[in-house]
Every structure is written in C-alpha cells, then in structure tokens.
Amino acid sequence: MGTNLRAKQKPRLGRVEDERNQIVGPGLPVWRPPNGDSEGLKAAKIWDKYTPRERQLLFDSATLEVDPGGPVVIPESEDGYVLTERELRERGWGEVHADSYGGLLYGLQTRLNQTFGFDEQGKKRFVQQHWKDVMACDPQRWGLRQFAPLTEDHLVKHAQYYFPVYAAGYCWLNDCKTSAELLEKRILQIIASWKGAKRQCSKVILVTHSMGGLVARACAKRIPDKIAGVIHGVMPALGAPVAYRRLACGTEPFSPNGSPLKKFADSRVAMILGNSADKTTPVLAISPGALELLPNHLYPQPWLHVRVFRFVGGSQATNHVGKDAAYGYQPKIYDALSFPNANLQNPYDLYRDMKFWFRLINPELADPAGKYVNSKRGGVVSAIKKAANTAETFHRTLGDYYHPNTYAFYCDDKEQLTYGMLRWVALQQTGSATALTPANLTAARYIGQSETGQRRVLVEGKTELRFAPDQQDARGDGTVPHQSGAGPGGKVKQVFATAGYNHQGSYNNEHMLMLTLRLITKIVQEIS
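Every value quoted in this text rests on a predicted model; they were computed, and no experiment measured them. (Residues numbered from 1 in each chain as written. Predicted model: local features only at pLDDT ≥ 70, side-chain atom pairs only at ≥ 80, totals over all residues. Heavy atoms only, no water.)

Enquirer: Where do I start with the environment of L350 in this structure?
Expert: Residue placement: L350 occurs in helix 13 (residues 347-352). Overall, L350 belongs to the buried group, its relative accessible area being 2%. Once the C-alpha coordinates of L350 and D367 are considered, the two residues, 17 residues apart in sequence, prove to be 20 Å apart. Setting aside chain neighbours within four positions, we find L350 in contact with Y244, W303, L304, L344, F358 and L360. (Helix = DSSP H or I, 4+ residues; strand = E, 2+ residues; numbered from the N terminus. Buried < 20%, exposed > 50% of the residue type's maximum accessible area, 1.4 Å probe, protein only. Contact = heavy atoms within 4.5 Å.)

Enquirer: Would you take a moment to explain the state of the cysteines for this structure?
Expert: Working definition: the covalent bond between the sulfur atoms of two cysteines is a disulfide. Inspection of every chain in the model, using the stated rule, returns 0 disulfides. C411 provides the cysteine sulfur closest to C137, a residue in no disulfide bond, and the two sulfurs are 15 Å apart. The class of C411 is buried, set by a relative accessible area of 1%. (Disulfide = S-S within 2.5 Å.)

Enquirer: Which parts of the structure should I look at to understand the sheet that holds strand 2 (residues 29-31)?
Expert: Across a sheet, strands are paired by hydrogen bonds formed along the backbone, either parallel or antiparallel in direction. On the basis of which strands lie adjacent, the open sheet formed by 3 strands has the order 2-1-3 and antiparallel pairing. Since the sheet does not close on itself, it has two edges, and those belong to strand 2 and strand 3 (64-66), each with one partner. Between one strand axis and the next, the sheet turns through 45 degrees on average, direction left out of account. Examined bridge by bridge, strand 1 (residues 5-7) and strand 2 share 2 bridges and lie antiparallel to one another. Residue pairing across strands places L5 opposite W31, the latter belonging to strand 2. (Pairing = 2+ DSSP bridges. Axes fitted to C-alpha atoms, helices over the stretch in contact; angles between N-to-C directions.)

Enquirer: Can you help me understand the packing of aromatic side chains in this one?
Expert: Across all of its chains, the model carries 18 aromatic pairs by this definition. Both rings, one in W47 and one in Y50, keep their centres 4.7 Å apart while their planes meet at 50 degrees; by these two values the pair is tilted. Owing to a relative accessible area of 10%, W47 belongs among the buried residues under this scheme. Look at Y50 and you get partly exposed, because its relative accessible area is 23%. Measuring from ring centre to ring centre gives 4.3 Å for W357 and F467, while their planes differ by 20 degrees; the resulting arrangement is stacked. In this pair, W357 is assigned in the loop between helix 13 and helix 14 (379-398) and F467 in strand 17 (residues 463-469), connecting sequence segments 110 residues apart. Both residues of the pair, W357 and F467, belong to the buried class. Through successive ring pairs, a cluster of aromatic residues spans F339, F356, W357, F358, W424 and F467. Of note, R91 hangs over the ring of Y166, and the distance from its end group to the ring centre comes to 5.5 Å. Sitting over the ring of F116, R125 keeps its end group 4.7 Å from the ring centre. (Phe/Tyr/Trp six-rings, centres within 6.5 Å; stacked < 30°, edge-to-face > 60°. Lys NZ or Arg CZ within 6 Å of the ring centre and 35° of its normal.)

Enquirer: Looking at this structure, how should I read the pattern of salt bridges?
Expert: A side chain with one charge can pair with a side chain of the opposite charge if their charged atoms come near. This structure, assessed with the given rule, holds 27 salt bridges. Across the salt bridge formed by K8 and E19, the nearest N and O atoms sit 3.1 Å from each other. One end of the pair, K8, is in the loop between strand 1 and strand 2; the other, E19, is in the loop between strand 1 and strand 2, with 11 residues separating them in the sequence. Between D48 and K279 there is a salt bridge, and its shortest N-O distance comes to 3.2 Å. In this pair, D48 is assigned in helix 1 (residues 36-48) and K279 in helix 11 (residues 277-284), connecting sequence segments 231 residues apart. On the accessibility criterion, K279 (11% relative accessible area) is buried. (Salt bridge = Lys/Arg side-chain N within 4 Å of Asp/Glu carboxyl O.)

Enquirer: Could you clarify how one ought to interpret the sheet that holds strand 16 (residues 455-459) in this entry?
Expert: The strand order 11-8-14-17-16-15 describes an open sheet built from 6 strands, whose pairing is mixed. If you trace the sheet from one side to the other, it starts and ends with strand 11 (332-339) and strand 15 (445-449), each paired once. Adjacent strand axes in the sheet meet at a mean angle of 25 degrees, parallel and antiparallel pairs treated alike. Note: strand 16 against strand 17, 5 bridges, orientation antiparallel. Of the residues in strand 17, the one forming a bridge with R456 is R466. Its contacts with the sheet place helix 9 (residues 241-249) against strand 8 (304-310), strand 14 (422-428), strand 15, strand 16 and strand 17, and it is angled at close to 50 degrees to strand 14.

Enquirer: For this particular structure, what's the right way to read the nonpolar core?
Expert: Generally speaking, soluble globular proteins have nonpolar side chains that are buried together. Membership of the largest hydrophobic core comes to 96 residues, with the highest contact counts inside it found for F59, Y244, W357, W424, L441 and F467. Sort the elements by how many residues they give to this core and helix 14 lands first, with 8 residues. If we skip the residues at most four places from it in the chain, F467 touches V306, R307, V308, W357, W424, V425, A426, L441, G453, Q454, R455 and V457. L105, W142, F147 and F496 belong to the second largest nonpolar core, which has 40 residues in total. (Core = buried A, V, L, I, M, F, W, Y, C linked by side-chain atoms within 4.5 Å.)

Enquirer: Sorry if this is basic, but what is going on with helix 5 (residues 129-136) here?
Expert: Since one α-helical turn is 3.6 residues long, residues separated by three or four positions face the same way. Where helix 5 is concerned, the buried positions are H130, W131 and V134. Down the axis, helix 5 shows its buried residues gathered within 100 degrees of arc, on one side only. Where the residues of helix 5 are buried, they touch helix 4 (98-112), strand 5 (124-127), helix 6 (152-158) and helix 17 (510-525). (Arc of directions from axis to C-beta.)

Enquirer: Is there a simple way to explain the environment of Y106 in this structure?
Expert: Assignment of secondary structure puts Y106 in helix 4. Given a relative accessible area of 27%, Y106 falls into the partly exposed group. For the pair Y106 and W303, spaced 197 residues apart in sequence, the C-alpha separation works out to 39 Å. Those residues within four positions of Y106 in sequence are excluded, and the remaining contacts are V73, I74, P75, E76 and W93.

Enquirer: How should I be thinking about the pairing of strand 17 in this particular structure?
Expert: Looking along a regular strand, one sees the side chains alternate between the two faces of the sheet. Most of strand 17 is tucked away: 5 of the 7 residues are buried. Sheet topology note: the strand 14/strand 17 ladder contains 2 bridges and is antiparallel. Residue W424 lies in a different strand from strand 17, and its bridge partner there is P469. Taking the residues that link successive antiparallel strands as the turn, the strand 16-strand 17 hairpin has 3 residues, and the phi of E460 there is positive, at about 55 degrees.

Enquirer: Would you mind showing me how to read the packing of helix 5 against helix 17 here?
Expert: The description of two helices packed together rests on the angle between their axes and the distance between the axes. Helix 17 packs onto helix 5 with a crossing angle of 90 degrees between their chain directions and a minimal axis gap of 10 Å. Classified by the angle their axes make, helix 5 and helix 17 are roughly perpendicular. Residues W131, D133 and V134 of helix 5 form the contact with helix 17, whose participating residues are M514, L517, R518 and T521. Across the contact of helix 5 with helix 17, the residue classes tally to 4 nonpolar, 1 polar and 2 charged. (Parallel < 35°, antiparallel > 145°, perpendicular 65-115°, else oblique. Nonpolar A, V, L, I, M, F, W, Y, C, P; charged D, E, K, R; others polar.)

Just geometry here; none of it tells us what the structure is for.
What follows is the structure, given as structure tokens:
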C-alpha cells in the first residue's frame, strides 16, 4: 500500500464499467499514506469516520490510477548537478510513500553516483565515506558471520556506470500480473529514453519492497534479458496469514510485545486501514491484489487452526485469547481443526468459500454500496470468487520463479511479531453438555460477528461459542513472518535473515540500505 493513488484524471464512461470515482473528483488523491506522526494522527481521525460504503466507493480499483503528486525528497549533490523536482517526478518519485521510500530513493541516487572523490592536495582519489561505511559494515548486521569483502576494484567498475534512480508505483488492488505488465512497459520506456539520449542502456536493476517483489518477479519472468538483477526486501514470497486476519477481522490493533507508544501508533494505523471486518471487507474482498497477499499454495501447511479452551470449574473471566481465563484452574486445550487439510487441501477453496463460519470473507459485508445488487454477472459472491480465481492463477503461474540474478533479505526478529499462522480460539463455558468434535465444529452455524472481530458460532443448534483471532505468534517484521520471508531460499543467489526494523520501515534502516548498495555492486560486477 506504499503507492499513492488518485481518481482517474480521464475516466471512461463505458457501458460495462463507469470509471468515475463516486467520492472524489477526477485527478484528486484517494490514498496518500501520512508522512510523520502529526499527519498520522490527523489521518487516523479522518479515516476512522469513513463508512464501509464510502471505503468501497473510494477504493473502487476501476476508478483509480497511480498518483504522481506525492511529496518528494530532493537529493543534494557533491558534483554540482542537482536533480530538479520536475525531473524527480518524471522518474516517479512522487508515486510512492515518502516516509517509506524517500530515504531509499535519496540514498541510492546520491550514494550510487558518488563513489570517489579527489584530493587536490594529495593528487589522488579517495573512496567516499558512505562507501567506506558499506565496506566496513559488520556482516552480522546482515545476518551473516562473514561476507565477501567489497574492494576498491569493485568500486572502480561500479563507478563506470551512471545510476539514475526511478520509482514505479502500481495500483495494489489490481492483479499483480496487471501491475507486472505495466512495470514491463515502464522499464522498456526508461531504456528507450536513455538510448534516445545517445546513452548506453540495456538493462535495469530492480529493488523491491513487500508486494512489489511479487510484481517484479512476474515482470522479470516476462523480460529476464532486460533485468541485470533483482533485490527483494521483506517480500511475502509465500504470502502472509496477517492478510487473512485483516480481511476476516479487521486490522490488528497492535503487537503484544510492543511498547505503549508503539501500540498507540499501531492502533492509529489500524484506524486508517480499517480496524473491523465491515471496513476492510468492502475494499479487499474483490481485489485480486489484496488476495494475492494471502498464504499461497507453497506456504507451510496447515496455517489456519481452531482451538477451544475448556474449564472444569473456578471463576470464569472474560473471553481473552492467549491467557488463562479461569482463576485457579488450568485450561484444557482442544485443538479441533487445521486447514488446509485432507478435506480442504486447496487454500484457494477456503478463500472462495461462503459457507463455513471460519471462511475468509463474509459476503454480507462485501458490498455495502450495492454495486453488485443489480449486476448481471452473478452479484458480489461471483465477484469475490473471480478475484480469488485470479489470485490462484497468478500464484500458480508465478510458482517459485525468481530472476537468475536475485538476492533477498527479510526480517527474522522476535521483537517484531506477526502471524505465522492464524488461530481462532474460543472458551467453552463450564458445564456445557455439548461434546465438541471436528465434525460439529466444522458444521457449526455462523450467527454474527462483533466489532472486535469475534465470530459467534452455534454448535448443534444449542451451544454458542465466540471465536476470536489469537495474538501474533511468529518472528518477522510485524507483517511478513520469517517462514514467508525465507521462501526464496535455495532458489536465489543469497537470502539474508536480518533484524531491527518493522515491515514498512525496512529501507529506513541504515544497514538495509547499505546491504542494498552492497548487492547492487555485486550485480554490477557481473555486467559484461
């Protein structure tokens, strides 16, 4: 969600689909993530007031396009040449979230193109300090005991090239295949523009973040000869269970091991993204791009679980998951169900399902604007299944493909917990006569959902259980679990298990920026 989006400037008024956004006028911003704490607090108050209907109409992907008008960070230059804001916008810097990527773009533009200086007094060149820092960086910062050193000879070859830095946004609601085709077009245009300027340019290096890695992989599969190498940062290579959590229950308010200040900030983010299923479902349920972030067919299985706590006696407390809920007694744990399983082997069948209470999507929440009420294409259920089909096709077509010259890093941090699996948990009241089994829990009837994400379920028509999502359980970056981040292992040149940052701020970590620079020099060494 790091790309800025706006209502299309020139929407078509076709008979099949009207591209006019019903909330804002043509060309006006729809999604510009806030920059800084002050903007974040203001944005949380504004977004919290948007109704589910307004969110659905705002994020109607057919009415949206990339917004190039976001703020940009203008880099300084030691060689006397300063890029203008106009040039930076032409390179796409305004398309992406400044807080997340402005420092990366600035750092790459200045550091890649300022390799050596010249000492007039000593009449000799010297390595710029930012490259000395890369050369001196402790490999343990990159999850390694040792790493092949960066030498001055490597930098000599690196300095033979000019590295213009571009940003390429995309509509993250759309199918990653569609976004990959647009990225391919952008790459070919960039190469052609430099050739038109009588400069040699035949390949690009892709540096990705998160979902952008899926887009870049699909693009690289189409034009591998136009790409010198790829660096993936915190990519959900196999998907992420947090995507299920956010669609089924709303955005999680915070991580259990965060500081009070971090928990407050995260709760404001949840207000922006939608902290309840009635706010997230209308936006995500029919968006292939969102569904392509779910655990795919390669994610370690099973990852969706159903657990019941039962108490023999004692004083019953509130239904708070992950804690003892009876005073003086240990709970009896019943792990009842796990998915995918022998009866439901394909995870995409779970995403298409409209029957079971543990389904991903409640269709009753998916169309508050009534967009599909009079649709001749099967209504909102048909639209949901079509989006899930698109996601499955994308995942299976991409498979485990990576460009031959690929590096990846991810966060494996116990201080940045996320969902490695999603567990529904409930308390069975003391004295209940119903014996719970996998069969009757599977067949239980959904009867409602609370604002906090609890699903009310009726077992055998007489026993009510309230299932809530358990807390985050896995090391990661707060979004992508280590299981998924490590997915490229064995399929790419090298994978780095790192720590010390959260998902959105990965490239704001100085050591990850230095790793990116180091990997770019490795890719350059292989250019003939």
